[in-house]
Amino acid sequence: MMETPLPKAPQKRQVTAIIILLLLWEAGGASIKYSVLEERDSGSFVADLAKDLGLGIGELASRGARILSKGNKQHLRLEQKSGSLLLKEKLDREELCGDTDPCILHFQVLLKNPVQFIQGELQLLDVNDHAPEFLENEILLKIPESSHPGTAFPLKIAEDLDVGSNTVQNYTISTNSHFHLFTRNHSDGRKYPEMVLDKALDREDQPELRLTLTALDGGSPPRTGTSQVLILVLDINDNAPEFAQPLYEVQVSENSPIGSLVITVSARDLDAGTHGELSYSFFQSSNQVVQAFEINTVTGEIRLRKMLDFEEIQSYRMEIEASDGGGLTGKCTVAIEVMDVNDNAPELTMSLLISDVPENTPDTVVAIFGISDPDSGDNGKMMCSIQADLPFLLKLTVENFYTLVTEGALDRESRAEYNITITVADMGSPRLKTQHNITVLVSDVNDNAPAFTQTSYTLWVRENNSPALHIGSVSATDTDAGANAQLTYSLLPPQDPHLPLASLVSINADNGHLFALRSLDYEALQAFEFGVGATDRGSPALSSQARVRVLVLDANDNSPFVLYPLQNGSAPCTELVPRAAEAGYLVTKVVAVDGDSGQNAWLSYQLLKATEPGLFGVWPHNGEVRTARLLSERDAPKHRLLVQVRDNGEPPRSASVTLHVLLVDGFSQPYLPLPEAAAEQARADPLTVYLVVALASVSSLFLLSVLLFVAVRLCRRSRAASLGGCSVPEGPFPGHLVDVSGTGTLSQSYQYEVCLRAGSGTSEFKFLKPIVPIFAGEGAGGDTEENSNFRNHFEFN
């Protein structure tokens, strides 16, 4: 047996196998041989296989030992625990081997791990379970009375299905005075009876004789079979029939149709009349010959009685007897050789198939199978091949067994399934082939770590979210399969030890969904970053990591807050504007902030309401309150402005502030306190009253005019203070918050302390010198009258 690729088939790996019936196991190795009697019960002990192979009892099981036989018929079985080889069923030697002796049943011992073949032979020994049997119950023998003593007359043989000493060994004939019997050996080894004439026959004295022929086998005790021999004594017949040739040889193709002519035998007889008329018949023919052929008694034509099968019987040998009417016979031999026809496709018997092969394991045994073709010659020569584009190899192991192994390591991620077609073709004409398809699945090994779809993820979450909000997902894939591809997601410890990650987010271990555990506040935490891991469930477990950055989006949850004018619930301050101010004059500036960010912190200013529309305006981007036109004497002295501060969020939030503006003719005359404030001041400082009383008592006359003059002045001052004075909250006024210009402070030329401090002990305005001096006394009376009833305050919407 040899293994060679066919050069004309580059798309296939092919090996040519010449099957030889008896092939030794490996070079220099010997097969194990056992023998057992036929007809033994199933389960009968054959041999201690483990001991004969030099293996321990448990080693057979651990190495996956199996018994393989040709075809699907298994005659033996292996008991794994004890290592004993037992009969699987009762065996009949005659059924399995016919008349072939010795009867050898071939088997193989397969050890899977590692793979090893051991060739075995089981010889089936014959037991004498069949008796000899004649094909005819009566043998007719015609002998001329002129026959001389010593003439031999061969008789038909008995069939015995047993072989060796158990087949026919001897013949006997019943006691008589004319014949004795010899047992002769045929050319093929069979024994046949030959009767020899001892005493001349006399037809007139005894026209016929009846004898009993007995066949005995060599068994102990011997079995026997009998047939009656009827001898007819004939008149004188001078010439016996004679065949044209003593041996006829012919070749017949198997599967020839029934009735086909095989050969015609011919004999002649020189006698005339009935003594020259010939009749042809089989003589001493086996049961196989009688079943396969028939002969025309008149013409000598031998034809097929059934279709021949080369695989069953390759040749036939038979004796043909020609008898004339006078009882004389002649014999010839016909040898028929059955010619093989390529009528049997190769057979493939799968002994071992591993449908799941782990990846990354080179030279793994996938299948072990045997091939056979009962044809002969080129018809029995076979080629075995698989597709060329597959990572598998066919290796010829022992006798007609092949091993299919992986060529290198397989990668399940590249290809998880292979459909392999094993083709076995013979070399006959026409060629016959057999194909066997197997599917090999590549089982997964955890050789691939999970991989995230992104190395980093950025998630956006709007602040003030609801707890347990799904904020996003991370996803990883694993090209492995089964448990090796099942992933578990987890949060990695944060790099910032101060980040309370466990209270901020959680991750679903099964699907990678991320959830915010609590409501996030943009003003407290604008962004945070953490790591996530994906671990498969293989062994060993493999993992990978990715980074997640969460950006908290600002929600418009903060309304604008007005820093100036200050809003603390006390009476508001009044902004003073000279009547001589031109258009665009900066009255004040509303300063506000917003705790949000981005567009939510973009503030715009709007004048919602004014005492006299069109007189004042608010710049929308910086909150500056300016005069919209020149002031005139017709304009009211007191004005109330409602300014709204609005952010750019969605929905927008706003705050409002109320401003009081007082138009004055000049800044040189200080403002008098309100009557209420003067009264409080008078009660708090009685020194002035005492002084007046003292002066009046010293010189009532001299000072009468002075007192009258002073009284008038004091009266005027009281009325002026009731119009222009105001109360301020306790404590100093926060001058650093007053910002009516781009720098956050009042212009130097218009800074005044316009409110009286509680408990100041004085009744005069404190005037910070303006850039333009104003002479004392100008317009004092007018200012007092215009401002006598003025009050102002701040309000928030």
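Residues numbered from 1 in each chain as written. Predicted model: local features only at pLDDT ≥ 70, side-chain atom pairs only at ≥ 80, totals over all residues. Heavy atoms only, no water.

Trainee: How should I be thinking about the overall build of the protein in this particular structure?
Mentor: Each helix and strand in the protein was counted, giving nine helices and 52 strands. A sequence separation of at least 24 residues applies to 69% of the contacts in the protein between residues at least 6 apart. Summed over its atoms, the accessible surface of the protein is roughly 41,000 Å², and 53% of this surface lies on carbon and sulfur atoms. (Helix = DSSP H or I, 4+ residues; strand = E, 2+ residues; numbered from the N terminus. Contact = heavy atoms within 4.5 Å. Areas by Shrake-Rupley, 256 points an atom, 1.4 Å probe, with all protein chains shown as cover.)

Trainee: Please clarify how a positive patch on the surface should be interpreted in this entry.
Mentor: Positive charge collects at one region of the surface, where Arg713, Arg716, Arg717 and Arg719 lie side by side. Structurally, arginine 713 can be placed in helix α8 (residues 702–724). Among the residues examined, arginine 713 registers a relative accessible area of 41% and is labelled partly exposed. (Patch = residues over 30% accessible without salt bridge, like charges linked within 9 Å, V, L, I, M, F, W, Y side chains within 5 Å. Salt bridge = Lys/Arg side-chain N within 4 Å of Asp/Glu carboxyl O. Lys, Arg positive; Asp, Glu negative; His and termini not counted. Charge placed at Lys NZ, Arg CZ, Asp CG, Glu CD. Buried < 20%, exposed > 50% of the residue type's maximum accessible area, 1.4 Å probe, protein only.)

Trainee: How do you make sense of the nonpolar core when you look at a structure like this?
Mentor: One recurring pattern in soluble globular proteins is that nonpolar side chains are buried together. One finds Val265, Phe293, Ile302, Tyr316, Met318 and Ile320 to be the most contacted residues of the largest nonpolar core, which totals 28 residues. In this structure, isoleucine 320 is in contact with Phe243, Val265, Tyr280, Ser281, Phe282, Ile295, Ile302, Gly330, Lys331, Cys332 and Val334, ignoring residues within four places of it in sequence. (Core = buried A, V, L, I, M, F, W, Y, C linked by side-chain atoms within 4.5 Å.)

Trainee: I'm lost on the packing of aromatic side chains in this one. Help?
Mentor: One pair of aromatic rings is described through two measures. These are the centre distance and the angle between the planes. The final tally for this structure, using the stated rule, is ten aromatic pairs. A ring pair is formed by phenylalanine 134 and tyrosine 171, whose centres lie 6.2 Å apart and whose planes are at 55°; its orientation type is tilted. Remark: tyrosine 171 occurs in strand β13 (residues 168–173) and phenylalanine 134 occurs in strand β9 (residues 133–134); sequence separation between them is 37 residues. Both residues of the pair, phenylalanine 134 and tyrosine 171, count as buried. Ring centres 6.1 Å apart and planes at 25° place the aromatic pair phenylalanine 528 and phenylalanine 530 in the stacked group. One aromatic cluster in this structure is built from Phe452, Tyr457 and Tyr489. The cationic tip of lysine 331 hangs over the ring face of phenylalanine 283; the distance from NZ or CZ to the ring centre is 4.5 Å. (Phe/Tyr/Trp six-rings, centres within 6.5 Å; stacked < 30°, edge-to-face > 60°. Lys NZ or Arg CZ within 6 Å of the ring centre and 35° of its normal.)

Trainee: Help me out: how do you make sense of the environment of glutamine 119 in this one?
Mentor: On the secondary structure map, glutamine 119 appears in strand β8 (residues 116–125). The buried category is assigned to glutamine 119, whose relative accessible area is 2%. For the pair glutamine 119 and leucine 68, spaced 51 residues apart in the sequence, the C-alpha separation amounts to 9.7 Å.

Trainee: Any chance you could explain the pairing of strand β31 (residues 392–396) here in plain terms?
Mentor: Regular strands show a simple pattern: their side chains alternate between the two faces of the sheet. A one-sided burial pattern is seen for β31, the buried positions being Phe392, Leu394 and Leu396 and the unburied ones Leu393 and Lys395. Pairing analysis gives five bridges linking β31 to strand β32 (residues 401–406), with the strands arranged antiparallel. Bridge pairing in β32 places phenylalanine 392 opposite threonine 406. The hairpin formed by β31 and β32 contains four residues between the paired strands, and glutamate 399 there has a positive phi angle of roughly 50°. (Pairing = 2+ DSSP bridges.)

Trainee: I would appreciate a short explanation of the environment of serine 279 in the present structure.
Mentor: Looking at where serine 279 falls in the secondary structure, it is placed in strand β22 (residues 278–283). Separated by 46 residues in sequence, serine 279 and glycine 325 place their C-alpha atoms 8.2 Å apart. When near neighbours in sequence (up to four residues on either side) are disregarded, serine 279 contacts Thr297, Glu321, Ala322 and Ser323.

Trainee: Got a minute to help me understand the pattern of salt bridges in this structure?
Mentor: It is possible for side chains of opposite charge to pair when their charged atoms get near one another. Using the criterion set out here, one finds 18 salt bridges in the structure. A salt bridge links aspartate 665 to arginine 579; the nearest nitrogen and oxygen atoms lie 3.4 Å apart. Of the two residues, aspartate 665 sits in the loop between β52 (654–664) and α6 (675–684) while arginine 579 sits in the loop between β45 (574–578) and β46 (586–589), which places them 86 residues apart along the sequence. Beyond isolated ion pairs, a larger network of salt bridges with shared partners links Arg93, Glu94 and Asp126.

Trainee: What's the story with a nonpolar patch on the surface in this structure? I'm lost.
Mentor: Nonpolar side chains collect at one region of the surface, where Phe709, Val710 and Leu714 lie side by side and expose about 290 Å² of accessible area between them. Along the polypeptide, leucine 714 turns up in helix α8. Here leucine 714 falls in the partly exposed class, since its relative accessible area comes to 46%.

Trainee: Is there a simple way to think about the sheet that holds strand β24 (residues 301–304) in this case?
Mentor: The pairing of strands in a sheet happens through backbone hydrogen bonds and is either parallel or antiparallel. Taken in spatial order, the three strands make up an open sheet running β20-β24-β23, and their pairing is antiparallel. The open sheet has two edge strands with one neighbour each: β20 (261–264) and β23 (293–295). The sheet shows a mean angle of 20° between the axes of neighbouring strands, direction not considered. As paired strands, β23 and β24 are joined by three bridges and run antiparallel to one another. (Axes fitted to C-alpha atoms, helices over the stretch in contact; angles between N-to-C directions.)

Trainee: Explanation requested: the side chain of glutamate 319 in the structure shown.
Mentor: Relative to the elements of secondary structure, glutamate 319 occurs in strand β25 (residues 315–324). No salt bridge is formed by the buried glutamate 319; the nearest opposite charge belongs to arginine 317, separated by 5.4 Å. Within the structure, the side chain of glutamate 319 is placed 3.0 Å from the side chain of threonine 333, a separation counted as a polar contact. Apart from residues lying up to four places away in sequence, glutamate 319 is in contact with His186, Ser281, Phe282, Phe283, Ser285, Cys332 and Thr333. (Polar contact = N/O pair within 3.5 Å; in protein donor to acceptor, adjacent residues only side chain to side chain.)

Trainee: Mind showing me how you'd approach the environment of proline 450 here?
Mentor: The topology assignment puts proline 450 in the loop between β34 (433–443) and β35 (451–452). Judged by relative accessible area, which is 4%, proline 450 ranks as buried. In sequence terms proline 450 and alanine 485 are 35 residues apart; their C-alpha atoms lie 7.8 Å from each other. If we skip the residues at most four places from it in the chain, proline 450 touches Thr477, Asp478, Leu487, Ala534, Thr535, Asp536, Leu542, Ser543 and Ser544.

Trainee: So what exactly am I meant to see when it comes to unusual backbone geometry here?
Mentor: The bulk of non-glycine residues show a negative phi, and the bulk of peptide bonds are trans. Residue aspartate 101 is joined to proline 102 through a cis peptide bond whose omega torsion reads 5°. With a phi angle near 65°, asparagine 255 is a residue other than glycine that sits in the positive phi range. Tracing the sequence through the fold places asparagine 255 in the loop between β19 (247–253) and β20. Accessibility expressed as a relative area gives 31% for asparagine 255, which makes it partly exposed. In this structure, asparagine 360 is a non-glycine residue whose phi angle is positive, near 65°. Within the fold, asparagine 360 resides in the loop between β28 (356–358) and β29 (365–372). Judged by its relative accessible area of 37%, asparagine 360 is partly exposed.

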